[in-house]
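Examining the three-dimensional arrangement
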Amino acid sequence: MAQLSPPFHCFSSTQHQLHTTCSTKCRPQLPFSIHLPFRPLHSNNRRFSLRKSREFRGSLIGSFDMENDGKLSDEYGKTGEEVKEEEDKEKEVKPVEGSGSSDSSLDDDKYPSGEFVYREYGFMENLGVKFRMFLTLPWQRVKKGSVLTMKLRGEISDQLKGRFSPGLSLPQICENLVKAAYDPRISGAYLHIEPLSCGWGKVEEIRRHVLDFKKSGKFVLGYVPACGEKEYYIGSACDELYAPPSAYFQLYGLTVQASFLGGVLEKIGIEPQIQRIGKYKSAGDQLARKNISDENREMLTALLDNIYGNWVEKISLAKGKKKEDIEKFINEGVYEVDRLKEDGWITDIKYEDEVTTLLKERLSIPTDKTLPTVDYRKYSRVKKWTLGLTGSGDQIAIIRASGGISRVRSPLSSSSSGIVAEQFIEKIRSTRESKQFKAVVIRIDSPGGDALASDLMWREIKLLADSKPVVASMADVAASGGYYMAMAAPTIVAEYLTLTGSIGVVTGKFNLGSLYERIGFNKEVISRGRYAELTAADQRPFRPDEAELFAKSAQNAYRSFRDKAASSRHPELYRLIS
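Below you will find a few notes about this structure. Remember, predicted model here, so these are calculated numbers, not experimental data.

What counts and what doesn't
- Residues numbered from 1 in each chain as written.
- Predicted model: local features only at pLDDT ≥ 70, side-chain atom pairs only at ≥ 80, totals over all residues.
- Heavy atoms only, no water.
- Phe/Tyr/Trp six-rings, centres within 6.5 Å; stacked < 30°, edge-to-face > 60°.
- Helix = DSSP H or I, 4+ residues; strand = E, 2+ residues; numbered from the N terminus.
- Buried < 20%, exposed > 50% of the residue type's maximum accessible area, 1.4 Å probe, protein only.
- Lys NZ or Arg CZ within 6 Å of the ring centre and 35° of its normal.
- Pairing = 2+ DSSP bridges.
- Polar contact = N/O pair within 3.5 Å; in protein donor to acceptor, adjacent residues only side chain to side chain.
- Axes fitted to C-alpha atoms, helices over the stretch in contact; angles between N-to-C directions.
- Parallel < 35°, antiparallel > 145°, perpendicular 65-115°, else oblique.
- Contact = heavy atoms within 4.5 Å.
- Nonpolar A, V, L, I, M, F, W, Y, C, P; charged D, E, K, R; others polar.

Quick notes on the packing of aromatic side chains
Taken as a whole, this structure holds eleven aromatic pairs when the rule is applied. Where Tyr118 meets Tyr182, the ring centres are 4.8 Å apart and the plane angle is 35°; that geometry is what we call tilted. With Tyr118 in the loop between helix H1 (85–90) and helix H2 (123–135) and Tyr182 in helix H3 (residues 170–182), this pair connects stretches of sequence that are 64 residues apart. Accessibility expressed as a relative area gives 5% for Tyr182, which makes it buried. With 4.6 Å between their ring centres and 65° between their planes, Tyr516 and Phe521 make a pair best called edge-to-face. Since its relative accessible area comes to 12%, Tyr516 is described here as buried. Pairwise contacts between aromatic rings join Phe116, Tyr118, Tyr121 and Tyr182 into one cluster. One cation-aromatic arrangement involves Lys179 over Tyr379; the distance from NZ or CZ to the ring centre is 5.1 Å. In this structure, Lys314 packs its charged tip against the face of Tyr496, placed 4.6 Å from the ring centre.

Listed below in C-alpha cells is the structure:
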C-alpha cells in the first residue's frame, strides 16, 4: 500500500523523560530554559491598555473552556500575591533585557500589579448581599459560620470542571477562596493537603490565593498527612499547620531527572534521525542521545536552582527563619514529626478529628454538635452574584487552552485531550466579532505541539489583538508552541514559577531498517517524485539530498518562529535580524 506522509514540524518543549521531583511524590514536569516571575512581559507596540484596577470586585468576566466546547461561564479575575516587604520588592517590574524600555514605561498606570485588595462592605452592600442570599436556590445556600473545606490532592486542571467531573479545577479553587473572603457565612478555611501532581505554577497560584484570603481576617488551617515540598509550600501560607503523629514528611530537596532511550533503540535496531534547531531545544534528546548534553544540563541546573531558591526564600519569609537555617534543616534529612513541631515547621501534632475539635472550640460550637462545613464542590455552586462580586458593565472573555497542541482532533482523542487549533480559532473569531466582550485574557497551560497549528492560532490571536486588548496569562507551562500562542498578545503575564520559552523546532523520523531485518520483515515502496519517500521510507535512512531538504524545511520553520518572537516581543531586535 502506498503511504503519503508529509513531514510535520513540532514546536514541542520536551518529552516525558524529564522530571522535576519533590522527594518521591511529584509527577513528571517539563523543564525549559526561561523562568519568568509574575510580572508583565511587555511589547513596545502597545495599542491598548486595560483600565487600572487593584480590586477585581465589580468586573464581569466570561470564560470559554476548551474542554467544554462552546460553554460560557462566569469566572473571577486573577490576583497578585501578599507576603512580606521583601516580596513586594521582587514584584517591581523591570524592563525586559534588550527591549529598550525604561522603568517609567512599565508604571502602575499601564501595568497594574493585580494585587488583591480586600475591602470591607458598607452597610448598603451588606444589605444587598443579604437580600441576594435570601433569593438563592436551596443547593446554593450555606449555613452561617461554616468552614470552607477543600482537599487538595493529585492532578489539578487549569480548565473549569462540570458539576460531576472528577478532579480539581484551579480556577474553581481560586474562585472559592475569593468568594469565601467576602462571604459573611464563611468563618474560615480548612485545607487538607495531600500529595500534588501539578506543576509549580499552579502551586504558586493556590498559595497566593490562600494569602489573599487571609486579608479578610478569617483563619486558614492546614492539615498535611503526607508532605513534600509542594504540599508544604501551600501549607506554609496557612495560619496554622497540623500533621498526625505518623505523618510522612519528606522535605529533602528537589531533583530534576533526564532519561534517554538512545542505547535501548540502538539495541533493537531503531535509528532516530532527529533534526533539532535551538541550542537548548532538548525535546529530541530522549530518543537520539544516550546521555545528557552540556546545554541540557545547564538548562536543567538553572531551572532547579530557580525553583529551589524560590522555595527556600518563600519558606524563610513565611516562618521567619534565615535561608541558611532552612537549607540546614533540609540537609539534615529530618522526618520525625516531633522535630518538625519543635523547630516550628508545623503548629502541632494532631489527628484530623482533633483538628475538627479545635475548630469547634474556636467557633464556640458544643462538642456534641457537628461542625458546619461546606466542601469544594458545593461551594463551587455559589454564584459570585450572590456576594456582589460581579459587575454589570463591560465583559472580559477568558479563553482557556490546556494540553498539547494539534491542528485537528484525532478520531480516537477525547473532548478534553489538549488544544485543537480548529476549535480554538472558532472561539477567537467569535470573541473578536462579539460586541459583548471588550477585552480578552488567553490562559495558556501547554508544552507545545504541532507547528502549523501554533502558527494558525498565533495569527488569529494577533488579529484579535488588533481589535481588542489581549493579555496572555501563563499557568504551569507555556513553552514552545504554547509560547508561540502567547507572543501574539501585546502583554504576557506569568507566575514566578511558570516554565516558558523553548523557542526552537524538533522534527525527525525513525529508520527501522535494522529492526525489520532482525525480525524478517520486508517493506518495498514505489514512488513518483524525487522526495516522495522523504518520510514514507522508514526501512532506510535519509539519502543525502533528502537529509538536506529535511534540514532546510526545519530551518524554515525555526526562522518563522524566531522572527515572529522577535517582532512580537523585541521589534528593535527584529529589525536587526531581518
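Structural notes on the pairing of strand S27 (residues 505–511)
Counting buried positions along S27 gives five out of seven residues, so the element sits mostly inside the fold. As paired elements, strand S16 (residues 271–277) and S27 share seven bridges and run antiparallel to each other. Across the sheet, the residue bridging to Gln275 is Thr507, located in S27.

Some details on the side chain of Arg400
If you trace the backbone, Arg400 turns up in strand S19 (residues 395–402). Residue classification places Arg400 among the buried residues on the basis of a relative accessible area of 1%. Within the structure, the side chain of Arg400 is placed 2.8 Å from the backbone oxygen of Asp158, a separation counted as a polar contact.

With respect to the packing of H3 against helix H4 (residues 200–214)
At a closest axis distance of 9 Å, the pairing of H3 and H4 adopts a crossing angle of 5°. For the element pair H3 / H4, the angle class is roughly parallel. In contact with Leu170, Ile173, Cys174, Leu177, Val178, Ala180 and Ala181 of H3, H4 contributes Lys202, Glu205, Ile206, His209, Val210 and Phe213. Here the residues of the contact of H3 with H4 are counted per class, giving ten nonpolar, one polar and two charged.

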